[in-house]
Amino acid sequence: MLLLAVDTATPAVTVALHDGTSVVAESGQVDARRHGELLLPAVDRVLAEAGVKLDAVTDMVVGVGPGPYTGLRVGLVTAATFGSALSVPVHGLCTLDGLAYAAGRAGLEGPFAVATDARRKEVYWARYDDPRTRVTGPAVDRPADIAAQLAGLPVVGAGAVLYPEAFPDAREPEHVSAGALAALAAERLAAGAELLPPQPLYLRRPDAQVPKNYKVVTPK
C-alpha cells in the first residue's frame, strides 16, 4: 500500500505519502490564496523525498472538508484526476477528523472539539468523544452561538485561535496535516471500514451567485 493524501479544505496546502505503516514523506504550506499554485509542486516534492514515482501510488486520500468552495475543490479535483489516471481508488475523509486524529497523536484524549475558519465570522466545527470518534457535526455556525455548547472543552484548530472569546482553551494543531489524514485512512482501511466518497462537504452555498434579472445580450 502507498497512500497519497492531499487536503486543501483550509488555508493549509498539505500532501503526504503513507506506506500503510507510517508517513514516509510530507509537505505542508499555509497560504489561503494559492492552493492551485502550491498543490502539484508539493506532490512532486513528496514523491521525490520518498524516492518513488506517481505510478507507485495505490490509493488516493483527499480531505473533503468542510471548507470554502474554491480551495476545497482544488484538492478534490486533483485527487480525482490522479485516481482516474492511475486507476486507483480515491477515498474521502472529513478534514475535521484529520485534525482530531492529529490532536490525539499529540496527546489530547477527549472529549474535545475541532473548529476551522469558515469565513463570514463563522467556523466549521465538530465535537469528538476521542480522536477517532466524532459525535456531533460537521456543522457551520457563529462562534458565539456554539460557545455554551462547547464550554469547558479544548478546541483544536484555527477557529479556536481566531475566536478566543468563544473558545478560550485552544489546542494544537492549528492546521490540518495530510500525514494525519493518511494515517487515519490507513488505519480505517486496515480495519475494513468504509471511507467517505470523494465529494465536497460545503455545508453552505458558495459566495459567487448568478446575478438576478441580468440582461440577455445573445442574439435572438
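Residues numbered from 1 in each chain as written. Predicted model: local features only at pLDDT ≥ 70, side-chain atom pairs only at ≥ 80, totals over all residues. Heavy atoms only, no water.

### Things to note about the side chain of Asp7
1) Next: Of note, Asp7 is situated in strand S1 (residues 3–7).
2) Next: Buried within the structure, Asp7 lacks any salt-bridge partner; its nearest side chain of opposite charge belongs to Arg188, at an N-O separation of 12 Å.
3) Next: Engagement of the side chain of Asp7 in a polar contact is seen with the side chain of Thr95, the distance being 2.8 Å.
4) Next: Look past the residues within four positions of Asp7 in its chain and what remains in contact with it is Ala12, Val13, Thr14, Gly63, Thr95, Val176 and Leu181. (Helix = DSSP H or I, 4+ residues; strand = E, 2+ residues; numbered from the N terminus. Buried < 20%, exposed > 50% of the residue type's maximum accessible area, 1.4 Å probe, protein only. Lys, Arg positive; Asp, Glu negative; His and termini not counted. Salt bridge = Lys/Arg side-chain N within 4 Å of Asp/Glu carboxyl O. Polar contact = N/O pair within 3.5 Å; in protein donor to acceptor, adjacent residues only side chain to side chain. Contact = heavy atoms within 4.5 Å.)

### Here we look at the UniProt feature "domain: Gcp-like" (unreviewed entry) in the protein chain
1) Next: UniProt tags residues 32–147 as "domain: Gcp-like" (unreviewed entry).
2) Next: The distance separating the terminal C-alpha atoms of residues 32–147 is 26 Å; by composition the span is 42% helix and 30% strand. (UniProt positions renumbered as here; feature names shortened; annotations may be inferred.)

### Things to note about unusual backbone geometry
1) Next: Each neighbour pair has its own omega, and for Gly65 with Pro66 the value is 10 degrees, a cis peptide bond.
2) Next: For Pro66, the position within the fold is in the loop between strand S4 (59–63) and helix H2 (69–86).
3) Next: Phi at Arg120 is positive, roughly 50 degrees, even though this residue is not glycine.
4) Next: In this fold, Arg120 is placed in the loop between strand S6 (112–119) and strand S7 (122–130).
5) Next: For Arg120, a relative accessible area of 41% translates into the label partly exposed.

### Points about the sheet that holds strand S2 (residues 12–18)
1) Next: A sheet is described by the order of its strands in space; here five strands give the open sequence S3-S2-S1-S4-S5, paired in mixed fashion. At either end of the open sheet lies a strand with only one pairing partner, and these are strand S3 (23–30) and strand S5 (90–93). When the angles between neighbouring strand axes are averaged without regard to direction, this sheet yields 15 degrees.
2) Next: Sheet topology note: the S1/S4 ladder contains four bridges and is parallel. Along S4, the bridge assignment pairs Val6 with Val62. (Pairing = 2+ DSSP bridges. Axes fitted to C-alpha atoms, helices over the stretch in contact; angles between N-to-C directions.)

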